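# A look at the structure
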Amino acid sequence: MANLVIYNARLVDESTDAFGAVLVTNGKILSVCKTDCCSEAGVAKLAEGIFASSKDPIEFIDAKGHVLAPAFIDMHVHLRYPGQPQKEDLQSGLRATAAGGFGTIVAMPNTSPVVSSAQLALQIDKEAADLGLTKVFQTVSITKDFDGKDINHLNEIEKGSIPVITEDGHDVLSSSVMLEAMKIAGKKGLIVSCHCEDPELAKDAKPLRGRALDIMKMFGLSAWGSFCENENEIPADEFDEIDNNLTEANRLLEIAEDTATFRNIELAREACCHIHIAHCSTKKSIEIVRQTKKEIQLLKDKMPMEFNNFKVSVEVTPHHLAFSGTEEPMIRALVNPPLRSEEDRHALIEALRDGTADVISTDHAPHTLEDKAAGSPGFSGSETAFAVCNTVLVKEHGFTLSKLSQLMSANPARILELKKGLLEPGYDADLVILDPEERWLVKGEDFKSKGKATPFEGETLCGKVEALILDGRRVTI
């Protein structure tokens, strides 16, 4: 394995923002040199001294003054593998995540068949590793085949290879079943990632969405928030009917999220496990998390040892940070949880700022355009994630790139207990080169993902991923 030197770089992680170079050997960061030296000759002299005992060649990459940061880690991705190749396959999904700068992802189990065994999960991990793209941790469902009852398969799950279990796509209806699953997770040190949504309230919202979709299909309106050419010809009362149905559906889904967030946190408290709140989207839910974290901090020194396993982490998505969904056309951008109000959106941004929210995850959910038009919820998000967050958080809301690196790299690495996410000697050399100033026009047709539907279609975003390096090896996408 060649030694690698990336020089003439702006080094950025959660605690660093300085010019310099990173030296890599055997897939690990060997040294981080904070220096204004920009020439290859100058860096080569430095590298020869550091690599003096190595017989391997030295490869040099000129970052051209752009940002060199830890590769991103996404705790919430739908690869649609196995079983839904029309939406995504393993290769297209990992090409998309690699193009987005993600070195590691956590894949959801709502596939066909549902991933409900350690054997299948590990098989997927190996197939992904063989592709040499983004690294995958495949999750396993909380209940077998999403039946809502059987959790016996959890006894075969080991934290070292499968750190996360989840029922993502919906929630576990039975509190009793969820509590028992969380108790197993607590004993094994597994993270329980929760799609917090009361299933009965979600069921009540479904026909409301259905009525809105019927009208949308009649007039050729998209389900990802874009305007259509004949929009001015559509009667105003039809738009009112769409908006009224979706507003009521979203109101029910807001209650569904808030009540389930409270329930799942209380069950995790009882079970003494680590709960990860997926795609948090409401002000009330984020406040529940904030208060719980304050309680944990206040009681930390007083807790008996067996209670210290109770932890809460929370993710938010780029699309919930960028858009509110109370008005046309974004009220028609169908996703679960829905795009919320402007008040909710700002609450999420402040939660990221003050540390209540821990990570940004994409909830990359590719669909065919036909499925999306029929109302399938979710968008492709891997390839726009950095640009959206850089545009919204850094350019518009004053976050630093170091803070963004913490949210997209360091914090998810800590949650997953990976030696990644920092520019430090001994850490995995999973790195990304970024141009935070490059502006580009989003065109879904150009995505590596098979899912071309994006609410950012036609938007100009700021920030481009230029290269991904995994284990000290530049990835070809």
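Rules and cut-offs
Residues numbered from 1 in each chain as written. Predicted model: local features only at pLDDT ≥ 70, side-chain atom pairs only at ≥ 80, totals over all residues. Heavy atoms only, no water. Helix = DSSP H or I, 4+ residues; strand = E, 2+ residues; numbered from the N terminus. Rg over C-alpha atoms; globule rule 2.2 N^0.38 Å. Buried < 20%, exposed > 50% of the residue type's maximum accessible area, 1.4 Å probe, protein only. Contact = heavy atoms within 4.5 Å. Lys, Arg positive; Asp, Glu negative; His and termini not counted. Charge placed at Lys NZ, Arg CZ, Asp CG, Glu CD. Pairing = 2+ DSSP bridges. Axes fitted to C-alpha atoms, helices over the stretch in contact; angles between N-to-C directions. Disulfide = S-S within 2.5 Å.

### Remarks on the overall build of the chain
Summing up its helical and strand segments, the chain has 12 helices and 16 strands in all. The C-alpha atoms of the chain give a radius of gyration of 22 Å, which matches the 23 Å a tight globule of 477 residues would have. Dimensions along the principal axes, computed over C-alpha positions, put the chain at roughly 70 × 60 × 40 Å. Counting all 477 residues of the chain, 60% fall into the buried class. Taking all contacts inside the chain whose residues are at least 6 apart in sequence as the whole, residues at least 24 apart take part in 76%. The distance from the centre of the 51 positive side-chain charges to the centre of the 74 negative ones in the chain is 5 Å.

### Overview of the pairing of strand S1 (residues 3–13)
Of all the 11 residues making up S1, 10 are buried; the element is thus mostly covered by neighbouring parts of the structure. As defined by bridge partners, S1 adjoins strand S4 (residues 58–62) across five bridges and the pair is classed as parallel. Note that in S4 the partner of Val 5 across the bridge is Phe 60. The hairpin formed by S1 and strand S2 (residues 16–25) contains two residues between the paired strands. Pairing of S1 with strand S5 (residues 67–70), which is carried by two bridges, proceeds in the parallel orientation. Across the sheet, the residue bridging to Arg 10 is Val 67, located in S5.

### Quick look at the sheet that holds strand S8 (residues 135–138)
Judged by pairing direction, the sheet is parallel, and its three strands sit side by side in the order S6-S7-S8 without closing on themselves. Single-partner strands in this sheet number two, and they are strand S6 (72–77) and S8. Each strand axis lies, on average, 20° off the axis of its neighbour in the sheet, ignoring direction. Of the strand pairs in this sheet, strand S7 (residues 102–107) and S8 are connected by four bridges, and their pairing is parallel. From the neighbouring strand, Ile 105 faces S8, where its bridge partner is Val 136. Strands S6, S7 and S8 of the sheet are contacted by helix H2 (residues 90–99), whose axis makes an angle of about 135° with S7.

### Describing the pairing of strand S3 (residues 28–33)
Residues in a regular strand point their side chains to alternate faces of the sheet. Relative to S3, S2 runs antiparallel, the two being bridged by five bridges. From the neighbouring strand, Leu 23 faces S3, where its bridge partner is Ser 31. Between the end of S2 and the start of S3, which pair antiparallel, lie two residues, with Asn 26 showing a positive phi angle near 50°.

### Digging into the state of the cysteines
Here the structure, examined in full by the defined rule, presents zero disulfides. Here Cys 280 is not disulfide-linked; the sulfur of Cys 196 is the nearest cysteine sulfur, at 7.7 Å. Under the relative-accessibility criterion, Cys 280 is labelled buried at 0%.

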